[in-house]
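Examining the three-dimensional arrangement
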Amino acid sequence: MPGIEKLPIEETLEDSPQTRSLLGVFEEDTAAISNYCTQLYQAMQRIYDAQNELSAATHLTSRLLKEYDKQRFPLGGDDEVMSSTLQQFAKVIDELSSCHAVLSTQLADAMMFPITQFKERDLKEIKRLTSLFLSADHDTAINRYSRLSKKRDNDKVRAEVVEDVYTSRKKQHQTMMHYFCSLNTLQYKKKTALLEPLLGYMQAQISFFKLGSENLTQQWEDFLGTIGTSVQNVRREMEEEVGQMQQTIQQMERSCDPLYVPCDPDPAYSPVCRSLTRKQGYLHIRNKTGLVSSSWERQYFFTQGGNLMHQARGEVAGGLVTDLDNCSVMAVDCDDRRFCFQVTSFDGKKVVTLQAESRKDCEEVSTYFIYMRPSSKGRTGRASSISSVGSEPSPALSVLSLDALVAPETPIQFDIISPVSEENSGQSKTAAQCGRRSNPFGESGDSTSEDSEDSILHQLFIVQFLGSMEVKTPESADVISETMRQILAARAIHNIFRMTESHLLVTCGCLKLIDPQTQVTRLRFPLSSVVHCSSHQDNKRLFGFVLQSSGGRGDSRAVCYIFESNNDGEKICDSIGLAKQIALHSEMDRKAVEKRKEQDKAKEKQQEELSKQRQIEKDLEEQSRLIAASSRPANQPASDGQFLVLSNSQSEDSDAGEEGKKKGESEA
């Protein structure tokens, strides 16, 4: 069936990291299917319970309607029409209740049974195979076999160990094949498990509605008939695919039985091949743990671009072990291991000791390393192969060009250049001029006062500085991961392994890198200039942040700083995000307080102006009252025999009036 992905059963014996990675995708898909199936099962269970409740409620309604005649209402009389009408309703509802009961039975058989069977049988079987697959018996047996000593060689112990390896490897291979078969089958079963319950639900509903209308369901019947045909085709194809996978498993079990034994096979059936074009598989590598002590670790090795790479289980990309160009390969005698050989670089500075599983593998790997010549291995090819150290870029970065994220030909700073020494000279001069004692830690008084500011958040983390470089798009979500990849690749190319340890102090105002020895602030980053902060997707200890700084001429530049923490890097990113939120809320509160103060000042000013206006009005009223009092006539007797004092102007007006009166009388 097109569109169905399958796990390769033929690669179960090799058990390579690529197969494990593909298996991880199928396991994630299985977990998603299980989660979605559980939710769908709960929803269908609600439908089934609701249908049962509807059937019971309908039957109860019909029974109550039939019992209407037996009721004795205090205010109700014998109503034959009402009784007969309710009896007719009871008959119809009783038939409808029977239809609902039939629908409940059909939903139980056609909808709930397939999804319950898929949930309880198929998914539980995959969980059981998963628990068997995660058993570590094979790794334990391999480690025990690898630790067989050459000096204290015991035939009985060796036979037991070989038998243990044979049994565990066969068990793991068979379990893995059946596990792959179940996961491949699940890709077909999930289609039928989702379609069959829906098909049963719709068919039950159609048969229910057929009681009322036959023509209404004609188009639905045609559609559901097509779906039913498709389900049958999928089931038939699944049965054929399962049969083919079972045949493949049987063939693999027969053909791979001699490969379960880790000892050297018969040279007549399996000769040493000295013309290999590609060699990859598991080897043991010796790692020094002290001056004379060492430990062995089993890893997956492969070649890429003329370099020997290794990759552990669970890792996304491989790491560089050594360069195979002009290297020397020779067999060595190890006291505690067999089938060992050494790979020495052309300058003799790096020696890698490896152990193969058998003498045949040892000779083939040694011959392949000696005669391997890459087709094109210049300076550029070597750098491209080494650049896989670290994390692989995300799919979004594969579409974007590197120039869109990182400035071209950008230098990388691998260490912190602290300005403490330059500041000390200036501070000592200032202290000598002012007659004050200089700070022995190289910090000025201003910085001390600045550090003593009250801050809600104070969190200290132990980090190691990996490097920093200028970037072009600080707002992009992938710029930090791309910067991590380039810095780690550059460290691997230039063999830079030293890292500067510092204490990262996160406050609401800034980020500080403090020297753990002298407590001197090496670098200080204002929190407002931190644009973006995130951790690595795979390695959670790696994190970084982008700093946006403005230049003197108005131009701005963005620099990405990469660190490695002793704990989870996401906690540091969350702490920085919390500090930015607190700083934002503090700034908003400060602006609100300032605005409130301005409003209070405006109100006070308005009150002062209003009081002045009232005082002016009061003065005007007082002046008008005085003017009115001064304009009354003087020496005029009141009605009660009292005299009023008149002003000069009023007395003159009265005299003029009397003279005019006398003149008028004389003329008459």
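Before reading further, recall that the structure is shown in the block above.
Overview of the structure. (Residues numbered from 1 in each chain as written. Predicted model: local features only at pLDDT ≥ 70, side-chain atom pairs only at ≥ 80, totals over all residues. Heavy atoms only, no water.)

1. Quick notes on the sheet that holds strand 11 (residues 521–526)
Convention followed: DSSP calls a pair of strands paired once it identifies at least 2 bridges connecting them. Going along the chain from the N terminus, every DSSP run of H or I of four or more residues is numbered as a helix, and every run of E of two or more is numbered as a strand. Every angle, taken between N-to-C directions, lies between 0 and 180 degrees, and every axis is a line fitted to C-alpha atoms, over only the stretch in contact when it is a helix. By definition in these notes, contact holds between two residues if any of their heavy atoms fall within 4.5 Å.
The strand order across the open sheet built from seven strands is 11-10-9-8-14-13-12, with neighbouring strands paired in antiparallel fashion. The two strands at the open ends of the sheet, each matched to only one other strand, are strand 11 and strand 12 (530–535). Here the average twist between neighbouring strands, direction ignored, is 30 degrees. With respect to the sheet, helix 12 (residues 569–630) is in contact with strand 8 (458–471), strand 9 (500–507), strand 10 (510–514), strand 12, strand 13 (542–550) and strand 14 (556–565), its orientation differing from that of strand 12 by roughly 155 degrees.

2. What about the pairing of strand 1 (residues 281–288)?
Each regular strand displays side chains that alternate between the two surfaces of the sheet. In the sheet, strand 1 pairs with strand 2 (residues 294–304) via eight bridges, with the strands oriented antiparallel. Note that in strand 2 the partner of His 284 across the bridge is Arg 298. Between the antiparallel neighbours strand 1 and strand 2 lie five residues.

3. Notes on the pattern of salt bridges
Should the charged atoms of two oppositely charged side chains come close, the side chains can pair. Note the cut-off: By salt bridge we mean one thing: a side-chain nitrogen of Lys or Arg within 4 Å of a carboxyl oxygen of Asp or Glu. For the exposure calls, accessible area comes from a 1.4 Å probe over protein chains only, and a residue counts as buried if that area is under 20% of its type's maximum, exposed if over 50%, partly exposed in between.
In the structure shown here, the tally under the stated rule is 20 salt bridges. Across the pair Arg 169 and Glu 357 runs a salt bridge whose closest N-O atoms are separated by 3.3 Å. Here Arg 169, found in helix 4 (residues 155–209), pairs with Glu 357, found in the loop between strand 7 (351–355) and helix 6 (359–371); they are 188 residues apart in sequence, far enough to count as distant. A residue is classified by how much of its surface remains accessible, and Glu 357, at 24% relative accessible area, is partly exposed. With a shortest N-O distance of 3.8 Å, Glu 470 and Arg 557 are connected by a salt bridge. Taken together, the positions of Glu 470 in strand 8 and Arg 557 in strand 14 put the pair 87 residues apart, joining distant regions of the chain. Relative accessible area serves as the criterion here: at 43%, Arg 557 is assigned to the partly exposed category. Connected through salt bridges with shared partners, the residues Lys 119, Glu 120 and Lys 124 form a single ionic network.

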